[in-house]
Amino acid sequence: MKRFMPGKIFAALAVLTMLMFVVSCDEDPTTIGASVIGGEPFNTDRAVYDVFAYNRNIVAAQTNKLALYQLGVYNDPVYGQTRAKITSQVQLSTANPIFGAQSQDNESTSENETVKEVILYMPYQQNSSADEDRDGVPDVFDADPTDANSDSDGDTLTDLAETNSGTDPLNPDTDGDGIRDDEDTDTVRNNYPKRVDLDSIYGNRDIPFNLKVTRSTYFLRDLDPNTNFEQAQAYYSNQDLTSFAGEVLFDGQVTISDEETVIYEEDDPDTEEDESTIVDERIPPGIRVNLDPAFFQQNILDKEGSTELLSASNFKEFFRGLHFELEPGAEELLLLLDLKSARITIEYDYDNATDTEDDTTAGSFTLNLLSGGGNSPVSGNAVNTLISDTYPAFVADNLDTGNNASRIFLKGGAGTYANIKLFDADNSEALINQIKANNWIINEANLVFYVDRDVIPVEANEPPRLYIYNAETNAPLYDAINDVSTTNTPLGVLQTHDGILVEEDGKGLKYTIRITEHINNIVVRDSANALLGLTVTPDIRLTNMRDVLLPGNTMGEVPDMSVNSPLGTVLYGSAVPASEEKKLQLEIFYTETN
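Since the model is a prediction, treat every value here as computed from it, not as a measurement.

Conventions we followed
- Residues numbered from 1 in each chain as written.
- Predicted model: local features only at pLDDT ≥ 70, side-chain atom pairs only at ≥ 80, totals over all residues.
- Heavy atoms only, no water.
- Helix = DSSP H or I, 4+ residues; strand = E, 2+ residues; numbered from the N terminus.
- Buried < 20%, exposed > 50% of the residue type's maximum accessible area, 1.4 Å probe, protein only.
- Contact = heavy atoms within 4.5 Å.
- Areas by Shrake-Rupley, 256 points an atom, 1.4 Å probe, with all protein chains shown as cover.
- Lys, Arg positive; Asp, Glu negative; His and termini not counted.
- Charge placed at Lys NZ, Arg CZ, Asp CG, Glu CD.
- Phe/Tyr/Trp six-rings, centres within 6.5 Å; stacked < 30°, edge-to-face > 60°.
- Lys NZ or Arg CZ within 6 Å of the ring centre and 35° of its normal.
- Pairing = 2+ DSSP bridges.
- Axes fitted to C-alpha atoms, helices over the stretch in contact; angles between N-to-C directions.
- Arc of directions from axis to C-beta.
- Salt bridge = Lys/Arg side-chain N within 4 Å of Asp/Glu carboxyl O.
- Patch = residues over 30% accessible without salt bridge, like charges linked within 9 Å, V, L, I, M, F, W, Y side chains within 5 Å.
- Polar contact = N/O pair within 3.5 Å; in protein donor to acceptor, adjacent residues only side chain to side chain.

Draft legend 1. Highlighting the overall build of the protein. Counting its secondary structure elements, the protein contains 9 helices and 33 strands. Each principal axis of the C-alpha distribution contributes one length, and for the protein these read about 105 × 65 × 45 Å. Burial status across the protein gives 47% buried among its 594 residues. A separation threshold of at least 6 residues defines the contact pool for the protein, and within that pool the share at least 24 residues apart is 75%. For the protein, the exposed surface amounts to about 28100 Å²; the carbon and sulfur share of it is 46%. Counting 39 positive and 102 negative side-chain charges, the protein places the averaged centre of each group 10 Å from the other.

Shown next, in the form of structure tokens:
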């Protein structure tokens, strides 16, 4: 439960160095020794201050152009059930596409392009950093995640050795020929589907779920006509577009697998080599289902050369999009999906007019849902509909009261967040002036949020990290340049700033958020004591904001990542008795001279 706090140590060393420098310049060395021995030149201490924290409810959140989209059903033990649906545009990978060898206008005879298979692929999220010993085996499957020389499949070969040699460290007989890997000399290297640690799947992933994919007849605009088409169109989580569902393209069961799909090359009968053992493509685990080929024959291939496929805008108007719904096989299952990586692949055959043997040739065409991302703008539009239960009374009655809260309610999606005023709602200026008058050197300043374990059950999925930000400028309080990071992952970055859940006996205990620089800005640099915002976050590195609809038909903003998360928690606030050890307070560690 203990954490290394580099900020406190560095600050103390800096203070000691500064004081030694000041004293050495102003006093005789003998006097210096006498003053240090006879009395302490400075002392360190801790002071605590009340904060004013209150809860805010979100009526609806803007849910188009998200980083991740929620699909399925999530049962929060405190906040109730949320059902998440997706309605997405579909985009041509190439405008005015040519199917077959020639365009429709140039075909002397019909190429008879015929759809053979249509595959929808939506990849799952992965925990790419979960390999502590770097032996190529994700920790969740590793017999000993701290030892690269462990043998997870019991074939006497270490995990690291198998990774380096190209055999499967999770299968004692990689090629299935009946000879164990430690004896087999003919195993083809790296010719097996690898297992990965799947992330952002909530619920029982061992039970198949039902996926329904339908054509959507709702036209998702890219630009808002109410702004003279100068601003992007916003869509919100309370817009249920289920009534616009059209033809059913898939309705069936899907089983979650953590294995890659490996596509092998076709064997060339004219060569001695067996190309069917050569890996052509590795497809990460994800939803992979066959859509209705007749629909895509009629609406894609048969439209070659038509105005519907002439441009991206024409196609969006014609095709409109797809609607996705997931029904869990158990009580709940919720997936977080990156639609920018999703695609529809149409495999077809066509008559090759140049082939003297009059054989057919295989062709392929790809449709995207969204595209872009990273350093590029997101192209396309998709909406996440989030339908949630009414909150229980002990939550609902403590939202938007404006009162200092005894409990802080945080819920991702179109959920709840908190605003925080440091020191005191009415007397903060006087307290700040008193700190200035004390001439303190502030070594560290923290907000410590304790989880209310009387409300949060042991089995609950708890948010791994909290995000605090300036609610007036929307700027984060952390220092991304100078903070300490161990890995460039959501929980590996900004270790000094912290905000990561600390567990005790497998249960969430508290979140500590270090805001030393923010307090120094207020006390030393006369910055404003701005209103702060507090939310859950799956990735603190991403700080973009998005619009939300608040009670009273007013608009506000919350961090993007808060809307991406289904998770919630309940924390102790500051409106509790002073004797309560878990009371939310601002703690300041300081040094002062005597």
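Draft legend 2. Molecular detail of the packing of aromatic side chains. Using the criterion set out here, one finds 18 aromatic pairs in the structure. Relative to F423, the ring of Y49 has its centre 5.5 Å away and its plane inclined at 70 degrees; by these criteria the two rings are edge-to-face. Placement of Y49 in strand β1 (residues 42-50) and of F423 in the loop between β24 (416-421) and α7 (428-438) is noted, with a sequence separation of 374 residues between them. The same class applies to Y49 as to F423, namely buried. Taken together, F295, F296, F315, F318 and F319 form an aromatic cluster joined through their ring pairs. The cationic tip of R195 hangs over the ring face of F141; the distance from NZ or CZ to the ring centre is 4.0 Å. Note that R215 overlies the ring of F318, its terminal NZ or CZ placed 5.3 Å from the centroid.

Draft legend 3. The arrangement of the sheet that holds strand β33 (residues 585-593) in detail. One open sheet holds the 5 strands; their spatial order is β1-β33-β25-β28-β27, and the pairing between them is antiparallel. Taken across any chain shown, the strands that pair with only one partner, and hence form the sheet edges, are β1 and β27 (498-504). Taken over all neighbouring pairs, the strand axes of this sheet differ in orientation by 25 degrees on average, direction set aside. Of the strand pairs in this sheet, strand β25 (residues 441-450) and β33 are connected by 6 bridges, and their pairing is antiparallel.

Draft legend 4. Quick peek at the sheet that holds strand β30 (residues 545-550). The strand order β3-β30-β31 describes an open sheet built from 3 strands, whose pairing is antiparallel. On the outer flanks of this sheet lie β3 (60-61) and β31 (554-559), each paired with one strand and no other. Across 2 bridges, β3 lies against β30 in antiparallel orientation. Paired with A61 across the bridge in β30 is V548.

Draft legend 5. Here's a closer look at helix α5 (residues 312-319). Along α5, the residues that are buried comprise F315, K316, F318 and F319. Projection of α5 onto a plane perpendicular to its axis shows the buried side chains occupying an angular sector of 170 degrees, all on one side. Just downstream of α5, R320 is the residue with a positive phi angle, here 70 degrees.

Draft legend 6. Broad picture of the pattern of salt bridges. Within this structure, the stated rule accounts for 21 salt bridges. D526 is the partner of K436 in a salt bridge, and the nearest nitrogen-oxygen pair spans 2.6 Å. In this pair, K436 is assigned in helix α7 and D526 in the loop between α8 (516-523) and β29 (532-536), connecting sequence segments 90 residues apart. Judged by relative accessible area, which is 28%, K436 ranks as partly exposed. On the accessibility criterion, D526 (57% relative accessible area) is exposed.

Draft legend 7. Region of interest: α7. Along α7, the residues that are buried comprise S428, I432 and I435. One face of α7 carries all of its buried residues, which in axial projection span an arc of 55 degrees. Opposite the buried face of α7, at more than 90 degrees from it, the exposed residues are E429 and A437. Those residues of α7 that are buried lie in contact with β1, β25, α8 and β33. Where α7 terminates, the next one or two residues include N439, which has phi positive at roughly 55 degrees.

Draft legend 8. Layout of the pairing of strand β17 (residues 333-337). Of all the 5 residues making up β17, 5 are buried; the element is thus mostly covered by neighbouring parts of the structure. Both strand β4 (residues 69-76) and β17 contribute to a ladder of 5 bridges, which runs antiparallel. Of the residues in β17, the one forming a bridge with G72 is L334. Pairing of strand β10 (residues 201-203) with β17, which is carried by 3 bridges, proceeds in the antiparallel orientation.

Draft legend 9. Structural detail: the environment of K316. Mapped onto the elements of the fold, K316 is located in helix α5. Overall, K316 belongs to the buried group, its relative accessible area being 13%. Sequence-wise, K316 and V279 are 37 residues apart; in three dimensions their C-alpha atoms are separated by 35 Å. K316 has contacts with Q89, V90, Q91, F219 and D222, leaving out every residue within four places of it along the chain.

Draft legend 10. Molecular detail of a negative patch on the surface. On the surface, a cluster of negative charge is made up of E265, D267, D268, D270, E273, D274 and D280. If you trace the backbone, D274 turns up in the loop between β13 (261-264) and β14 (279-283). Residue classification places D274 among the partly exposed residues on the basis of a relative accessible area of 37%.

Draft legend 11. Focus on the side chain of N55. Note on placement: N55 falls in strand β2 (residues 52-57). Accessibility expressed as a relative area gives 2% for N55, which makes it buried. A distance of 3.0 Å separates a polar side-chain atom of N55 from the backbone oxygen of R407. If sequence neighbours within four positions are ignored, N55 has contacts with N398, L399, D400, A405, R407, I408, F409, Y417 and A418.

Draft legend 12. Spotlight on unusual backbone geometry. For R134, which is not glycine, the phi torsion reads 55 degrees and is therefore positive. In this structure, N474 is a non-glycine residue whose phi angle is positive, near 65 degrees. Tracing the backbone shows N474 in the loop between β26 (466-470) and β27.

Draft legend 13. Representation of the environment of T543. Turning to its location among the elements, T543 is positioned in the loop between β29 and β30. Discounting residues that sit within four places of it in the chain, T543 has contacts with Y467, P476 and Y478.

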